[in-house]
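Residue-level structure breakdown
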Amino acid sequence: MYEIRDTWIPAYYRDQHMSGLMRTSSRSESENHFFGQFCNPNCTLVEFLGHFDSAIEAQRHEHRKNDHDTRHTNPQILAKEFVLEQQAANIYTRTIFFDAQLEIQTAINKCAVGKWEDREDNFVNFSVKDFSQACTSFFQVMMRQLDMTVSCSCKRYEQFGLLCAHIFCVLRLLDIRQFPERYIMRRWTREAVPNSAPGAIMGISESDDQYQQVNGVVREITRSAESLINRLVYNFDALCAFRDYVGQYQSTADQAVVNAP
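Now for a quick tour of the structure.

Definitions and limits used
Residues numbered from 1 in each chain as written. Predicted model: local features only at pLDDT ≥ 70, side-chain atom pairs only at ≥ 80, totals over all residues. Heavy atoms only, no water. Patch = residues over 30% accessible without salt bridge, like charges linked within 9 Å, V, L, I, M, F, W, Y side chains within 5 Å. Areas by Shrake-Rupley, 256 points an atom, 1.4 Å probe, with all protein chains shown as cover. Salt bridge = Lys/Arg side-chain N within 4 Å of Asp/Glu carboxyl O. Helix = DSSP H or I, 4+ residues; strand = E, 2+ residues; numbered from the N terminus. Buried < 20%, exposed > 50% of the residue type's maximum accessible area, 1.4 Å probe, protein only. 1 Å grid on protein atoms, 1.4 Å probe; cavity = no way out; pocket = protein on both sides within 12 Å on 5 of 7 lines; lining within 4 Å. Points joined across faces, edges and corners; volume = space filled by probe spheres on them. Pairing = 2+ DSSP bridges. Axes fitted to C-alpha atoms, helices over the stretch in contact; angles between N-to-C directions. Phe/Tyr/Trp six-rings, centres within 6.5 Å; stacked < 30°, edge-to-face > 60°. Parallel < 35°, antiparallel > 145°, perpendicular 65-115°, else oblique. Contact = heavy atoms within 4.5 Å. Nonpolar A, V, L, I, M, F, W, Y, C, P; charged D, E, K, R; others polar. Core = buried A, V, L, I, M, F, W, Y, C linked by side-chain atoms within 4.5 Å.

Focus on a nonpolar patch on the surface
Nonpolar side chains collect at one region of the surface, where Leu45, Phe48, Leu49 and Phe52 lie side by side and expose about 380 Å² of accessible area between them. Position of leucine 45 relative to the elements: it lies in helix α2 (residues 45-72). Assessed through its relative accessible area of 63%, leucine 45 is described here as exposed.

Listed below in structure tokens is the structure:
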């Protein structure tokens, strides 16, 4: 175990982009706890299948509730003078935003830039003191404002896909007014999962035949578009032509919506 310590001790692979992925054992323990609330080892196969359906439905209900809260409620903004917090609230789901908000509050109340020095490659090295940490050393934040490239020695973004308090501290010091888009991971955003099925958007009941027809056509269009993009990705000119065609059709679609009865 000691010889392969670099494959299982997190400190050895902090530089790897993990995006908050859990260890296999943690994932298994979480699933066991979840399904343990609905069934037990003494269940028959038929009982287990019934309990499994109930568990999945409960999970879907919780997902829909969280999605509704994200889209139709506004979290409290604690640092109104720091515009990036409001932007984060508009970008992330509620759960992820609360994680980002905690880092922002730590940056404002418990972090300070001790010194900074310019480098020849247009980077500026900021030494940030985090008073919420027990360590006495400084965290090193490398920032190139020209293209908004930033990194921190704590490696929080690499591990979880979210900016750390030390980077927010530097962004606040430099009065950056736009959230760095290159550090927004789509998996944490409001748009990671579509709002709802097209049939539901139209207000059609799931038992209605039109509901299935509409959703079926949408799935066909999605699969065709993905297949076409995968074929065109090796031909840049053809890919651009397809993009332009979609853009042209967008105006036609907008006009159709306006003229719809």
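Examining the layout of surface pockets
Considered as a void within the structure, the largest pocket measures approximately 500 Å³ in volume. What lines the largest pocket is a set of 18 residues, among which His63, Asn66, Asp67, Thr93 and Thr95 lie closest to the centre. Taken together, the elements giving at least two residues each to the lining of the largest pocket come down to α2 and α4 (94-110). With 7 residues, α2 is the largest single contributor of residues to the lining of the largest pocket.

Let's talk about the sheet that holds strand β2 (residues 124-130)
An order of β1-β2-β3-β4 is seen for the 4 strands of this open sheet, with the pairing classed as antiparallel. Each having just a single partner strand, β1 (111-118) and β4 (149-152) make up the two edges of the open sheet. Between one strand and the next, the sheet's axes are offset by a mean angle of 20°, whatever the strand orientation. Judged from the 7 bridges that link them, β1 and β2 form a sheet pairing that is antiparallel.

A few points about the packing of aromatic side chains
Using the criterion set out here, one finds 7 aromatic pairs in the structure. Taken together, a centroid distance of 6.4 Å and an interplanar angle of 85° make the contact between phenylalanine 82 and phenylalanine 168 edge-to-face. Note that phenylalanine 82 is positioned in the loop between α2 and α3 (83-91) and phenylalanine 168 in helix α6 (residues 165-173), a separation of 86 residues in sequence. As far as burial versus exposure is concerned, phenylalanine 82 and phenylalanine 168 are alike and both buried.

Observations concerning the pairing of strand β3 (residues 139-144)
Along any regular strand, the residues point their side chains to alternate faces of the sheet. With 5 bridges joining them, β2 and β3 adopt antiparallel strand pairing. Bridge pairing links serine 127 to glutamine 140 in β3. With 4 bridges joining them, β3 and β4 adopt antiparallel strand pairing. Bridge pairing in β4 links methionine 143 to valine 150. Taking the residues that link successive antiparallel strands as the turn, the β3-β4 hairpin has 4 residues, and the phi of methionine 148 there is positive, at about 55°.

A short note on the pattern of salt bridges
Counted according to the given criterion, the structure contains 6 salt bridges. Between arginine 119 and aspartate 121 there is a salt bridge, with its nearest N and O atoms 3.5 Å apart. Aspartate 121 gets classed as partly exposed once you look at its relative accessible area, which sits at 33%. Of the charged contacts in the structure, one is a salt bridge between arginine 243 and aspartate 244, with a shortest N-O distance of 3.2 Å.

Let's talk about the packing of α3 against α4
Close contact between α3 and α4 brings their axes to 9 Å; oriented N to C, the two are set at 170°. The orientation of α3 relative to α4 falls into the category roughly antiparallel. When α3 is examined against α4, the residues Glu85, Ala88 and Ala89 are found in contact with a partner set consisting of Phe97, Gln101, Ile104 and Gln105. Of the residues contributing to the contact of α3 with α4, the split by class is 4 nonpolar, 2 polar and 1 charged.

Let's talk about the nonpolar core
Of all hydrophobic cores here, the largest spans 40 residues; its most connected members are Tyr92, Val141, Leu163, Ile167, Phe168, Leu171 and Phe179. Within the residue set of this core, elements represented by two or more residues are α3, α4, β2, β3, β4 and α6. Filtering out sequence-adjacent residues up to four positions away, leucine 171 remains in contact with Leu84, Met143, Met148, Leu163, Ile176 and Pro180.

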